[in-house]
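Descriptive analysis of the structure
Read off the chains here:
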Amino acid sequence: MTEAFTLIFDVDGTLANTERDGHRVAFNQAFAEAGLDWEWSVSLYGELLHIAGGKERINFYISQYQPKFSSSIPLPELISNLHASKTNYYQKLLGTGAIPLRSGVKRLLTEARTNKMRLAIATTSALPNVTALLEHTLGKESISWFEIIAAGDIVPAKKPAPDIYYYVLEKMNIHSNNCIVFEDSHHGLQAALQVGLKTIVTVNDYTVNQDFTGATLVLNHLGEPEKPFTTLSGDTKGRTYCDLKLINSLQD
Ligand code: XBP
Ligand code: MG
């Protein structure tokens, strides 16, 4: 392993399965609080997830599914208010412990820290969502484990644009061949590949049928010693869970 190797983690769908039972529920709670009869079902949300960013997703939904909608509040302000309310509801949901980390995430982060590896986050989600997830799953001090938490509107264009990954490399002054990315979606993979970043994809119910061409590995999760992953594509060198040995073997 070269010096100061960096692991860069996506958040939603990668660190935790936050979308179906987290963000989606919070959006619906915000709509109800605003007196809107909008209800994003599990399947509709799966469609809307193709739009990265909660504010952008609401805007797309209004334009595509509520074309007759009108409000006395200017649309950008209305969307911003709805998103702020949704973010509050989402953080309350995280506080209930309803959204645990995915298999292998805590184990890998612990091993990486023990081996003095550098850690970063690159997510489309708003920053308060990220810090709340870390706090409620790993404790408040875990926020400091990540040198950079690049989130949401910090960059002009969200995934699949590469902006968030260029931002992390620049802020950490690292080269793409000294990193590996963990993602869950086609959009996230596209963003990482445009920057030349090796990517391990852990799929979930919303992304399992997406195109992961170009991923170094596609797994059902990162696995645990007693809970082996399933390899959907790539060479996992006979290993049954994602640890530094496997990551090291992926280097050229
Ligand atoms: C996933 C997203 C985010 C979340 C909602 O981000 O696209 O928009 O769905 O969070 P990633 P916000 O997979 O890159 O972590 O409402 O804060 O956008
Ligand atoms: Mg994701």
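For the structure itself, look to the data block above.
Our subject in this report is the structure included herewith.

Lining the immediate environment of ligand 1, one finds 19 residues, of which Glu19, Gly54, His83, Lys86 and Thr123 sit closest. In the complex, the protein chains occlude 95% of the 450 Å² of accessible area that ligand 1 would expose alone. Mapped by element, the contributors of at least two residues to the shell around ligand 1 are helix H1 (19-33), helix H3 (54-65) and helix H4 (75-95). Split into classes, the residues belonging to the shell around ligand 1 amount to 5 nonpolar, 8 polar and 6 charged. Counting only domains with at least three residues in the shell around ligand 1, you end up with domain 1 (6-17 + 100-249) and domain 2 (19-95).

Below, the discussion takes up the coordination of the magnesium ion (ligand 2). Within the protein, the atoms that donate to the magnesium ion (ligand 2) are Asp10 (OD), Asp12 (O) and Asp184 (OD), at distances of 2.1 to 2.3 Å. Every donor residue of the magnesium ion (ligand 2) comes from the same chain, spaced as D-x1-D-x171-D. One end of the pair, Asp12, is in the loop between strand E1 (6-9) and H1; the other, Asp184, is in the loop between strand E4 (179-183) and helix H8 (186-193), with 172 residues separating them in the sequence. Judged on exposure class, the residue Asp12 and its partner Asp184 are both buried.

Quick look at the pairing of strand E2 (residues 118-123) now. Of all 6 residues in E2, 5 are buried, a share of seventy percent or more. Examined bridge by bridge, E1 and E2 share 4 bridges and lie parallel to one another. Its bridge partner being in E2, Thr6 is matched across the sheet by Arg118. With 4 bridges joining them, E2 and strand E3 (residues 148-151) adopt parallel strand pairing. Pairing of Ala120 across the sheet is with Ile148, part of E3. Handedness of the crossover is the feature at issue here: the chain leaves E2, passes through helix H6 (residues 127-138), returns alongside E3, and the resulting connection is right-handed.

Conventions adopted
- Residues numbered from 1 in each chain as written.
- Chains lettered and ligands numbered in written order.
- Predicted model: local features only at pLDDT ≥ 70, side-chain atom pairs only at ≥ 80, totals over all residues.
- Heavy atoms only, no water.
- Near = heavy atom within 4 Å.
- Areas by Shrake-Rupley, 256 points an atom, 1.4 Å probe, with all protein chains shown as cover.
- Helix = DSSP H or I, 4+ residues; strand = E, 2+ residues; numbered from the N terminus.
- Nonpolar A, V, L, I, M, F, W, Y, C, P; charged D, E, K, R; others polar.
- Domains from an automatic or database assignment.
- Donors = N, O, S within 2.8 Å, 3.2 Å for Na, K, Ca; no water.
- Buried < 20%, exposed > 50% of the residue type's maximum accessible area, 1.4 Å probe, protein only.
- Pairing = 2+ DSSP bridges.
- Right-handed = clockwise from strand over helix to strand, strands pointing away.

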